[in-house]
Amino acid sequence: MRWDNLTEGPSTTRPAGDIALFGTDAVTTRTFDTPEFRGITFHEVRARSIVNRVPGASRMPFEWTVNPYRGCTHACVYCFARKTHSYLDLDTGLGFDSQIVVKINAPELVRRKLASRQWQGAHIAMGTNVDCYQRAEGRYRLMPGIITALRDQANPFSILTKGTLILRDLDLLREAASVTDVGVSVSVGFTDRELWRTVEPGTPSPERRLDVVRAMTDAGIGCGVLMAPVIPFLGDSPEQLRATVRAIAAAGATSVTPLVLHLRPGAREWFMEWLGKHHPELVGRYERMYAEGAYAPKWYQRRITRQVHELADTFGIGPRGAGGSTGLSRPGNHRMAAPLPDPEPEGTQLTLL
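Residues numbered from 1 in each chain as written. Predicted model: local features only at pLDDT ≥ 70, side-chain atom pairs only at ≥ 80, totals over all residues. Heavy atoms only, no water.

Trainee: How do you make sense of the overall build of the protein when you look at a structure like this?
Mentor: Broken down by element type, the protein carries eleven helices and eleven strands. Across the 353 residues of the protein, 56% fall into the buried class. At a minimum sequence separation of 6, the contacts of the protein that also span at least 24 residues come to 75%. In the form shown here, the protein has an accessible surface area of approximately 15,000 Å², with 50% of it arising from carbon and sulfur atoms. (Helix = DSSP H or I, 4+ residues; strand = E, 2+ residues; numbered from the N terminus. Buried < 20%, exposed > 50% of the residue type's maximum accessible area, 1.4 Å probe, protein only. Contact = heavy atoms within 4.5 Å. Areas by Shrake-Rupley, 256 points an atom, 1.4 Å probe, with all protein chains shown as cover.)

Trainee: Can you help me understand helix 5 (residues 170–177) in this one?
Mentor: Residues spaced three or four apart along an α-helix face the same direction, because each turn holds 3.6 residues. Along helix 5, the residues classified as buried are L170, L172, L173, A176 and A177. For helix 5, the arc enclosing every buried residue in end-on projection is 160 degrees, short of the 170-degree limit, so these residues lie on one face. Buried residues in helix 5 make contact with helix 4 (143–152), strand 8 (157–161), strand 9 (182–187) and helix 7 (206–218). (Arc of directions from axis to C-beta.)

Trainee: Any chance you could explain the sheet that holds strand 1 (residues 27–31) here in plain terms?
Mentor: Sheets are built from strands paired through backbone hydrogen bonds, the pairs being either parallel or antiparallel. Read from one edge of the open sheet, four strands run 1-2-6-5, paired in mixed fashion. Strands at the two margins of the open sheet, each flanked by one partner only, are strand 1 and strand 5 (69–70). Note that strand 2 (residues 41–45) and strand 6 (residues 99–103) share five bridges and pair parallel. Counted as the bridge partner of V45 is K103 from strand 6. (Pairing = 2+ DSSP bridges.)

Trainee: In this structure, what is going on with the pairing of strand 11 (residues 256–260)? I would like to understand it.
Mentor: Remark: a regular strand shows side chains that alternate across the two faces of the sheet. Judged by how many residues are buried, strand 11 sits mostly within the fold: five of five residues are covered. Across the two faces of strand 11 the burial is the same, with V256, P258 and V260 and T257 and L259 all buried. As paired strands, strand 10 (residues 223–230) and strand 11 are joined by four bridges and run parallel to one another. Bridge pairing in strand 11 places M227 opposite P258. In this fold, strand 10 hands off to helix 8 (residues 238–250), which returns the chain to strand 11; that crossover is right-handed. (Right-handed = clockwise from strand over helix to strand, strands pointing away.)

Trainee: Would you take a moment to explain the nonpolar core for this structure?
Mentor: Soluble globular proteins tend to bury their nonpolar side chains together. M126, I159, F271 and Y286 are the most contacted members of the largest nonpolar core, which totals 90 residues. Beyond its immediate chain neighbours, meaning those up to four positions away, Y286 contacts I231, P232, F233, L261, L263, F271, M272 and L275. Counting residues in each nonpolar core, the second largest holds five residues, with V27, L88, L90 and V101 among its members. (Core = buried A, V, L, I, M, F, W, Y, C linked by side-chain atoms within 4.5 Å.)

Interpretation note: all reported values are geometric properties and have no functional meaning in isolation.
See below:
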């Protein structure tokens, strides 16, 4: 494992672009012999920074993020964040699913950053790389301290998750929402249970995730749904799209925003390997669809967006019906788990929360 490039030292001793995140003497590796963590290794580190600025060239609609974990036990075969594991010479396939880096001092770093004179109270997005409410959070409990620090400074923030564990922190989220803008959304790309079991094996079921939306709504915290990813040829039939949007509406979501599967390096290889094992007849179609890069063709993205937009109108959700007491529709709270595709013509792209 390559920790050396992340330690302090002269820039001439580190590859260009590497940042001193933590030192080799600050890494503790643990395994736990419990059913929920069997086969998973945790690398506990004391990070040097946690509030990170998004690069200016990014398509992300936010400027600052907090990511207390690297790697994710959700094990989504399409996860765009897989490439980040290669920075530590960790495997981007099974290693990404089972070698989890835990930044155990994340809450204190957030509190210190927010208290500094240089900090201007900018919106902070969480869950933008890997899920901050993955299974590891049940043991390490980093998010309560992070949310408390944000609440105490009345700093606006947003969370995107596939995890039901966020309900543990519902009271904290309500307290934070009483003093600042809080955005919450849940990722549900489809409700097809067979597809869920194969492409998102470590996540709660789509039904359980939609229960989170219901609970948030009942608690007075408006919750949107990022309908992502819409998976070509496996989860994009009119019937599947309709069933998913109908279920999202029934859960009381304030908005629904579709995002078509994109396959960046790291994720692309792992997904295509999975596709070859489970749906070999689709390999050629995917190679043609993604021949130009990580994103599906614009015509396909527009078609999916239009269909979901029309279904959202039918079921009474979407940008015209979005809103809520926590300011979810304000521009400062827009965020997502992946870069936006190139902007579409006005009227075809749903707003994100």
